[in-house]
Amino acid sequence: MRTPPLRKAARAVVLDPDQRVLLLHYDENDGFWASPGGGLEPGEDYPTAVLRELREELGAEKVDLSAQIAERSTHHPVGGLTVRQVEKYFLSRIAPGDIDPDRATQTDNIRSHRWWTLENLRTTRETVYPHGLSELVTWVLAEGPPEKPMILR
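Cut-offs and rules
Residues numbered from 1 in each chain as written. Predicted model: local features only at pLDDT ≥ 70, side-chain atom pairs only at ≥ 80, totals over all residues. Heavy atoms only, no water. Helix = DSSP H or I, 4+ residues; strand = E, 2+ residues; numbered from the N terminus. Contact = heavy atoms within 4.5 Å. 1 Å grid on protein atoms, 1.4 Å probe; cavity = no way out; pocket = protein on both sides within 12 Å on 5 of 7 lines; lining within 4 Å. Points joined across faces, edges and corners; volume = space filled by probe spheres on them. Phe/Tyr/Trp six-rings, centres within 6.5 Å; stacked < 30°, edge-to-face > 60°. Buried < 20%, exposed > 50% of the residue type's maximum accessible area, 1.4 Å probe, protein only. Lys NZ or Arg CZ within 6 Å of the ring centre and 35° of its normal. Salt bridge = Lys/Arg side-chain N within 4 Å of Asp/Glu carboxyl O.

Peer 1: Sorry if this is basic, but what is going on with the environment of Leu22 here?
Peer 2: Positionally, Leu22 belongs in strand β2 (residues 21–26). Distance from Leu22 to Arg111, taken between C-alpha atoms, is 14 Å for residues 89 residues apart in sequence. In this structure Leu22 touches Val14, Ser35, Pro36, Leu58, Ile99, His113, Arg114 and Trp115, once residues within four positions along its chain are discounted.

What follows is the structure, encoded as structure tokens:
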């Protein structure tokens, strides 16, 4: 059995001033919600990729990017090919008014975006990636960014 190729991805855990979490909705795989982000381009580091992805997917220019708070490794289909995706998650703060979908240049099959309260995240029956996002955000809000990134599934 072949090992799938490695794909490095940078993702943002976006909070607004009310501590709500921004998630994007996708129709594929029976529909799911996920944090903004995507694959690194050649020569790009993770923080640069997060900022680029937020501009491309949300038209966000004013972003307060903080530390890496989590990491996840998963097998994931990209363009019809299964890859082993290693995702690094960065804490980001954006005011809702600083998101402008009209400025977005690569919406990557995004159907909509929504700001979620922690209670919404804890109680939803919808699929949300990464698993454990509400626990991660709860911990970060109470304790601050971890010294070492948390490992998500």
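Peer 1: Where do I start with the layout of surface pockets in this structure?
Peer 2: If a probe the size of a water molecule is rolled over the atoms, the empty space left behind becomes visible. Taken as a whole, the largest pocket encloses approximately 570 Å³ of empty space. If you trace the largest pocket, you find 26 residues lining it, with Arg11, Glu28, Phe32, His76 and Pro77 closest to the centre. Residue assignment for the lining of the largest pocket shows that the elements contributing at least two residues are β1 (6–15), β3 (32–34), β4 (37–39), α1 (46–58), β5 (64–78) and β6 (81–93). Among the elements that take part in the lining of the largest pocket, β5 stands out by supplying six residues, more than any other.

Peer 1: Teacher, can you tell me more about the packing of aromatic side chains here?
Peer 2: The geometry of an aromatic ring pair is captured by the separation of the ring centres together with the interplanar angle, meaning the angle of the planes. Following the criterion strictly, the structure yields three aromatic pairs and no others. Centroid distance Phe32 to Tyr129: 5.5 Å. Interplanar angle 70°. Geometry classified as edge-to-face. Of this pair, Phe32 sits in strand β3 while Tyr129 is found in strand β8 (residues 128–129), placing the two residues 97 residues apart along the sequence. In this structure Phe32 comes out as buried when scored by relative accessible area, which is 10%. A relative accessible area of 28% means that Tyr129 is categorised as partly exposed. Arranged with centres 5.2 Å apart and planes meeting at 75°, the rings of Trp33 and Trp116 form a pair that is edge-to-face. Taken together, the positions of Trp33 in strand β3 and Trp116 in strand β7 (residues 110–116) put the pair 83 residues apart, joining distant regions of the chain. Directly above the ring of Trp116 sits Arg114, whose terminal nitrogen or CZ lies 4.3 Å from the centroid.

Peer 1: Before we go on, may I ask you to explain the pattern of salt bridges in this structure?
Peer 2: It is possible for side chains of opposite charge to pair when their charged atoms get near one another. Inspection of the entire model under this criterion finds ten salt bridges. Of the charged contacts, one joins Glu41 and Arg52 as a salt bridge, the two residues approaching to 3.6 Å between their closest N and O atoms. Remark: Arg52 occurs in helix α1 and Glu41 occurs in the loop between β4 and α1; sequence separation between them is eleven residues. Judged by its relative accessible area of 41%, Glu41 falls in the partly exposed class. Given the relative accessible area of 8%, Arg52 is considered buried. The partner of Glu44 in a salt bridge is Arg52, and the shortest N-O contact between them spans 2.8 Å. Neither Glu44 nor Arg52 differs from the other in exposure class; each is buried. What you see here is one network of salt bridges that share partners, running through Glu41, Glu44, Arg52, Glu53 and Glu56.

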